[in-house]
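Below, each chain spelled out in residue letters.
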Amino acid sequence: MSMALSDFYSSTNDTSHRRRLVLHIRDSQRDITDAASQAADLIQNVGVQAIVGPSTSLQAIFMADIGNKAQVPIISFTATSPSVSTSQNPYFIRTTQSDLSQVNVIAELVKTFGWREVVPVYEDTEDGKGVMLDLIDSFQAIDTRVPYRSVISTSATDGEILSALYELMAMRTRVFVVHMTPALGIRVFQKAKMIGMMSKGYSWIITDGLANYLGSFNSSVIDSMQGVLGVRPYIPSSTELDEFRARWRKQFFLDNPGIENVELNIFGLRAYDTVRALASVLEKLDKISSISKIGPKLLQLISRTKFYGLGGDINLINRELQSNTFQLLNVIGNGGREIGIWTASNGILRDSSSLITTRENSFFSPRDNLRVIIWPGESTVIPKCWVVPEMGKMLRIGVPVKRGFTEFVKVTRNSSYNSSAHVTGYCIDVFKAVIEMLPYPVSYEFVPFAKADGTTAGTYNDLNYDAVVGDITISANRSTYVDFTLPYTPSGFSMIVPLKDHTSNNPWILLKPLNWELWVAITGFFLMTWAMTWALEREESNPAFQGGAWNQLETMFWFFFSTPGFADQKRVHNGMVKVVLIVWVFVLVLLSSSYTASLTSMLTVHRLEPTVTDVHELIKTRQNVGYLEGTFVYTMLKRMGFYESNLKPYISTEDFKEAFTELRNMEDRIVSAFDEAPYNKLLLAKYCHKYALVGPMYKTEGFGFISYF
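In this report, we go over the structure that sits alongside the text. In this numbering scheme, every chain counts its residues from 1 along its sequence in written order. Reporting of local features is limited, given that this is a predicted model, to residues whose pLDDT is at least 70; pairs of side-chain atoms are given and counted only at 80 or more, and all residues count toward the totals for whole chains, interfaces and linings. For the side-chain quantities, the full set of heavy atoms in the structure was used; hydrogens and water were omitted.

1. Some details on helix α2 (residues 32-46)
Inclusion rule: The numbering of helices and of strands both runs from the N terminus, where a helix is a DSSP run of H or I of at least 4 residues and a strand a run of E of at least 2. Any helix carries an expected span of 1.5 Å times its number of residues minus one. Burial classes follow relative accessibility: with a 1.4 Å probe on protein chains only, a residue under 20% of its type's maximum area counts as buried, one over 50% as exposed, and anything between as partly exposed. Taken from the helix axis, the directions to the C-beta atoms give the arc we talk about. Note on definitions: a residue-residue contact is assigned when non-hydrogen atoms from the two residues lie within 4.5 Å. In protein, a polar contact means a hydrogen-donor-capable atom and an acceptor-capable atom, both N or O and within 3.5 Å, with residues adjacent in sequence counting only if both atoms are side-chain atoms; elsewhere, any N or O pair within 3.5 Å suffices.
Counted at 1.5 Å a residue, the expected span for α2 with its 15 residues is 21 Å, and the 20 Å between its end C-alpha atoms agrees. Every buried residue of α2 is accounted for by A35, A36, A39, L42 and I43. Seen along its axis, α2 keeps its buried residues to an arc of 125°; they face one direction. Facing away from the buried side of α2 by more than 90 degrees, the exposed set consists of T33, Q44 and N45. The inward-facing, buried residues of α2 abut β1 (51-52) and α3 (57-70). With a side-chain oxygen positioned 3.2 Å from the backbone nitrogen of T33, the residue opening α2 is D31.

2. Things to note about the sheet that holds strand β2 (residues 74-76)
In plain terms, the rule: Here the rule is simple: two strands pair whenever DSSP picks up at least two bridges between them.
Reading across from one edge, β1-β2-β3 is the order of the three strands in this open sheet, with parallel pairing throughout. Looking at strand neighbours, the two that pair on one side only are β1 and β3 (92-94), the edges of this open sheet. Note that β2 and β3 share three bridges and pair parallel. In the strand pairing of β3, I74 is matched with F92.

3. Quick word on unusual backbone geometry
Its identity is not glycine, yet Q71 carries a phi of approximately 55°, on the positive side. Position of Q71 relative to the elements: it lies in the loop between α3 and β2. Backbone geometry at F405 places phi at a positive 50°, although glycine is not the residue there. Secondary-structure assignment places F405 in the loop between β14 (395-400) and β15 (410-413). When its relative accessible area of 2% is taken as the criterion, F405 is described as buried.

4. A closer look at the sheet that holds strand β5 (residues 150-152)
The condition is simple: Here an angle of 0 to 180 degrees is reported between the N-to-C directions of two axes, which are lines fitted to C-alpha atoms, with helices fitted over the stretch in contact.
The mixed open sheet is built from eight strands, whose spatial order is β5-β4-β6-β7-β8-β11-β12-β13. The outermost strands of the open sheet, each flanked by one partner alone, are β5 and β13 (347-349). The sheet shows a mean angle of 25° between the axes of neighbouring strands, direction not considered. Bridging between strand β6 (residues 175-179) and strand β7 (residues 203-206) involves four bridges; their strand directions are parallel. Paired with F176 across the strands is W204, a residue of β7.

5. Here we look at helix α11 (residues 239-255)
The first and last C-alpha atoms of α11 sit 25 Å apart over 17 residues, in line with the 24 Å expected at 1.5 Å per residue. All of the buried residues along α11 are L241, F244, W248 and F252. Looking down the long axis of α11, one finds its buried residues gathered within 65° of arc, a one-sided arrangement. Those residues of α11 that are exposed and angled more than 90 degrees off the buried face are T239, K250 and L254. Summarising the contacts, the buried residues of α11 are in contact with α1 (2-10) and α12 (266-284).

6. With respect to the packing of helix α7 (residues 158-169) against helix α8 (residues 182-194)
Put simply, the rule reads: For classification purposes, angles smaller than 35 degrees are called roughly parallel, those larger than 145 roughly antiparallel, those between 65 and 115 roughly perpendicular, and all remaining angles oblique. Left-handed describes a crossing whose near helix is turned anticlockwise from the far helix through less than a right angle; right-handed describes the clockwise counterpart. Charged residues are taken to be Asp, Glu, Lys and Arg, nonpolar residues to be Ala, Val, Leu, Ile, Met, Phe, Trp, Tyr, Cys and Pro, and polar residues to be all remaining types, Gly included.
Packing of α7 against α8 brings their axes to within 10 Å, and their N-to-C directions diverge by 60°. Taken together, α7 and α8 sit at an angle that is classed as oblique. Read as a crossing pair, α7 and α8 show a hand that is right-handed. For the pair formed by α7 and α8, the contact residues are D158, I161, L162 and L165 on the first element and L184, R187, V188, K191, A192 and M194 on the second. Along the lines of polarity and charge, the residues of the contact of α7 with α8 split into seven nonpolar, no polar and three charged.

And the structure:
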């Protein structure tokens, strides 16, 4: 602040200043009561026209009330909590960003990495609690849950900090957002590293409350924060900033020779810009007769201040500094390394150069725009948001043991069945694919539902584990006892029956494309055409139609059957005969096309004709029908009206085929089978030329996974 005054007044002629800013320094030792008392003393006894620098939000709340009553602007460049409202305190000015400005940045990071659960860890102060409600709302907007909030007192002992961390460690969530001041945040991360919470699988995000001080932390503190992600306001580089940092460091070490590691952070830059802005505003004050009127005028001028300072653009809206650009950091090595930039208009960008060429970055996802991140435990793999805690148990996934249709679930016994079993099949593949897509790891083991000899230990309704995976149909009755996932197979069950296959073996099939009436009509038309042609050509004395009766009959037959192929070389003499022949050829073409189409249809479509089509006829005539053993279809068929004695189970695709053949005695032979859509698809894939689905599709919910939680 002293350097800001020195730089401002040395840059212009000293005699040109109508008013000069003078600093009256008071140190409250971060005590709230003392800060309010010192502020009142400065206003009443010293007659100051503005107060700069309440260092905490709680101090600012008390001092803002004093400023409102005395009409003296209270200007803070460190009180970031939104609990200090500029709208409720007309003489309070915030020359730094509110904590609310980084809420969307943190939510964007969480969304980018696909995390669905986050736990905020913050201190029990106004600075810590002020932003929490808005932060949680931002997580809810991106469908991210906040299952728990960890609040730690600034006066917490090491044991209390460890207790809070162990409580977090026992939970499944592994993504933490830390919003603390350095004094408490350093202790939390050192204890977290000590108990193994800075290892692979964990992810930490720090707000600017810690990220702004990364340059001032010593090596042991930085070592305890390796892999942490940080968010802080973006400060553009400039020659003026570099020169000022060098001068500041030189002056600081002269005044504080015992301190070795220190860096000028954003609050130092905000302090410099605030004082320069205040000194500049004083130059714009007109001559005011009453000192009591300076406060309102000063407030008005400061509120309108706009300029480019060391910390970037100074633009106050509603007496609060606005910033739409943040720097994303990854703590690695000796400090924070930039991994990206966030802007309100473009989201996550790769670096500051992208602020100019944002069009090029619009083709990439936010994750692609980020540089390589080194996570805790020196891992480059994005941590999943939650895991099964180490003190928790591994999920036991029950798997039914089947004798047939093992394409869905197949259990292969090892030499020792109780040790482990190899489980495969479509249902298992779907389950594993779902587990891989989850944003968190899940520890589980497959447990076959079987006796010691490897046979099934009961029906599907007897399964009782943490969860069950298999070809298990969702039903209303089962839903009263367990929780189902959404179905992952087609729903419904229907009837499957054999196809007729006798049409193509009929020796008279060549006559069937045309019915007997059409055959009679064709014969009559042929005889009439034959008679007309013979009579007309004989009248014309055509030599080809002369001679004996047998010779003329032979000529006419050959003439009519060779005409379509133009094989006949004899000419007709009568013009009417030519017309008759044209009609004859046209009729033959139509008949030929119709015959070919009908015969083709009979050899294909007709052979697909099902043997049974009416379910009610099966019930009425008490025909045997089949069903897959162990499925709910048995109960459904009984409800439909089938007699129990007419329901015959089968256990595999081979057994299904055999149930229709003469290999079964008449009492067990079936004429149709009922099964669910997945099984029917499998059967038709194997026996598509012998069976077909007929009748209505009876609604069911399909296969689903079971959870007993």
